[in-house]
Amino acid sequence: MTNEELAQTYVALLIIQYADPNNQPNAAATINMLATEAIANQVVDQVLNGFALSTIYGQTPAVGAQLNILGRWVGAQRVLPGYSISNLYFGQQDTTGTFNPDTGGYGSVNSPYPTDYWDSTDQSEGSYTLSDSEMIELIQYLASVNNAYLSVSAIDSILYASFGAYVTLTEGSMELTYNHLAGDPGTLYGIVKYLSVLPHPAGVEVTAS
């Protein structure tokens, strides 16, 4: 698309009362001037490059404060007070028992388990701050939810796009149950569940595992 064609695209977005160049010539001319100026100053490209969420057009994805600004538009927040994630920070096997690759840490030498990072299976945090990659995932998820007609099939599509096969949906009588399967390597589902933004039609109760 040429710059002139792009300018005319913006002119064509005028509401019908102002779109007729014969009746409202100044309105069309004003929009054409502003669009041409924005294109000439590369404002469109700067916005595209500054607030991109992917590299699909060769841009560098937004980071830091840029993502915080985008998050405000869809309801995404960077800091989650009182939220803790389950991460395996490190592990050391208990040599007195049978080897199990799914256990680790120092929890087995203390009873009850300590609630700090010495025990890799039990840690608590006062708040959790999303990384840039997590923020991008959350923004894309919320944008999909906010712009969708929330039928069950639409929700299924959103779930698969966001979580793959790790989250499934069971439909009941005025109730939807979200099932989170073990082995999910991502953190998005826990964040979405914490924020209570699992999609559902109005009046339908939600249960989440």
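Residues numbered from 1 in each chain as written. Predicted model: local features only at pLDDT ≥ 70, side-chain atom pairs only at ≥ 80, totals over all residues. Heavy atoms only, no water.

This part takes up helix α6 (residues 132–146). Counting along an α-helix, one turn takes 3.6 residues, and residues three or four places apart therefore face a common direction. With 15 residues, α6 should cover 21 Å at 1.5 Å per step; its first-to-last C-alpha distance of 21 Å lies within 8% of that length. The set of residues buried in α6 consists of Glu 134, Met 135, Ile 136, Leu 138, Ile 139, Tyr 141, Leu 142 and Val 145. Against α5 (64–74), β2 (127–129), α7 (152–163) and α8 (188–195) lie the buried residues of α6. (Helix = DSSP H or I, 4+ residues; strand = E, 2+ residues; numbered from the N terminus. Expected span 1.5 Å × (residues − 1). Buried < 20%, exposed > 50% of the residue type's maximum accessible area, 1.4 Å probe, protein only. Contact = heavy atoms within 4.5 Å.)

Attention now goes to the environment of Gln 77. In this structure, Gln 77 sits in the loop between α5 and β1 (79–81). Looking at Gln 77, the relative accessible area reads 35%, which means it is partly exposed. With 53 residues separating them along the chain, Gln 77 and Leu 130 place their C-alpha atoms 8.3 Å apart. Apart from the residues within four sequence positions on either side, Gln 77 is in contact with Leu 130, Met 135, Leu 138 and Leu 195. Among the polar contacts listed, one links the side chain of Gln 77 to the backbone oxygen of Val 79, at a separation of 2.9 Å. (Polar contact = N/O pair within 3.5 Å; in protein donor to acceptor, adjacent residues only side chain to side chain.)

Strand order in the open sheet formed by 3 strands is β3-β4-β5, and the pairing between neighbours is mixed. The strands lining the two open edges of the sheet, one partner per strand, are β3 (167–172) and β5 (205–208). Each strand axis lies, on average, 20° off the axis of its neighbour in the sheet, ignoring direction. Packed onto the sheet, α7 meets β3 and β4 (175–180) and runs at close to 165° relative to β3. (Pairing = 2+ DSSP bridges. Axes fitted to C-alpha atoms, helices over the stretch in contact; angles between N-to-C directions.)

Moving on, we get to the packing of α6 against α8. Their axes nearest at 10 Å, the elements α6 and α8 cross at an angle of 60°. With respect to α8, the axis of α6 lies oblique. For the pair α6 and α8, the crossing hand works out as right-handed. Taken together, the residues of α8 that come into contact with α6 (itself represented by Glu 134, Glu 137, Leu 138 and Tyr 141) are Leu 188, Ile 191, Val 192 and Leu 195. (Parallel < 35°, antiparallel > 145°, perpendicular 65-115°, else oblique. Left-handed = near helix turned anticlockwise from the far one by under 90°.)

Right, let's get into the pairing of β4. Alignment of β3 against β4, held across 6 bridges, turns out to be antiparallel. When the sheet's bridge partners are listed, Gly 172 is paired in β4 with Glu 175. Counted along the chain from β3 to the antiparallel partner β4, the turn is 2 residues long, and its residue Met 174 has a positive phi close to 55°. On the question of chirality, the crossover connecting β4 to the parallel β5 by way of α8 is right-handed. (Right-handed = clockwise from strand over helix to strand, strands pointing away.)

Ranked by size, the top nonpolar core spans 32 residues in total, and within it Leu 138, Tyr 141, Phe 163, Tyr 178 and Ile 191 carry the most contacts. With 7 residues, the single largest contributor to this core is α6. Apart from residues no more than four positions distant in its own chain, Ile 191 is found in contact with Leu 80, Tyr 83, Tyr 128, Leu 130, Glu 134 and Leu 138. (Core = buried A, V, L, I, M, F, W, Y, C linked by side-chain atoms within 4.5 Å.)

Here we take up the confidence of the model for the protein chain. Atom-level detail of predicted coordinates should not be read off regions where pLDDT is low. Across the protein chain, the average pLDDT comes to 75, with 65% of residues at or above 70. Contacts for the low-pLDDT stretch residues 87–91, under 50 throughout, to residues beyond four places or in other chains number 15 contacts. Taken together, the stretch residues 105–124 has pLDDT below 50 and engages in 41 contacts with residues farther than four places along the chain or on a different chain. (pLDDT = per-residue confidence, 0-100.)

Turning to the packing of aromatic side chains, a few remarks are in order. Inspection of every chain in the model, using the stated rule, returns 4 aromatic pairs. Between Tyr 141 and Phe 163 the ring centres are 5.9 Å apart and the planes differ by 55°, which places this aromatic pair in the tilted class. One end of the pair, Tyr 141, is in helix α6; the other, Phe 163, is in helix α7, with 22 residues separating them in the sequence. Here Phe 163 falls in the buried class, since its relative accessible area comes to 6%. A ring pair is formed by Phe 163 and Tyr 189, whose centres lie 5.8 Å apart and whose planes are at 80°; its orientation type is edge-to-face. Remark: Tyr 189 occurs in helix α8 and Phe 163 occurs in helix α7; sequence separation between them is 26 residues. (Phe/Tyr/Trp six-rings, centres within 6.5 Å; stacked < 30°, edge-to-face > 60°.)

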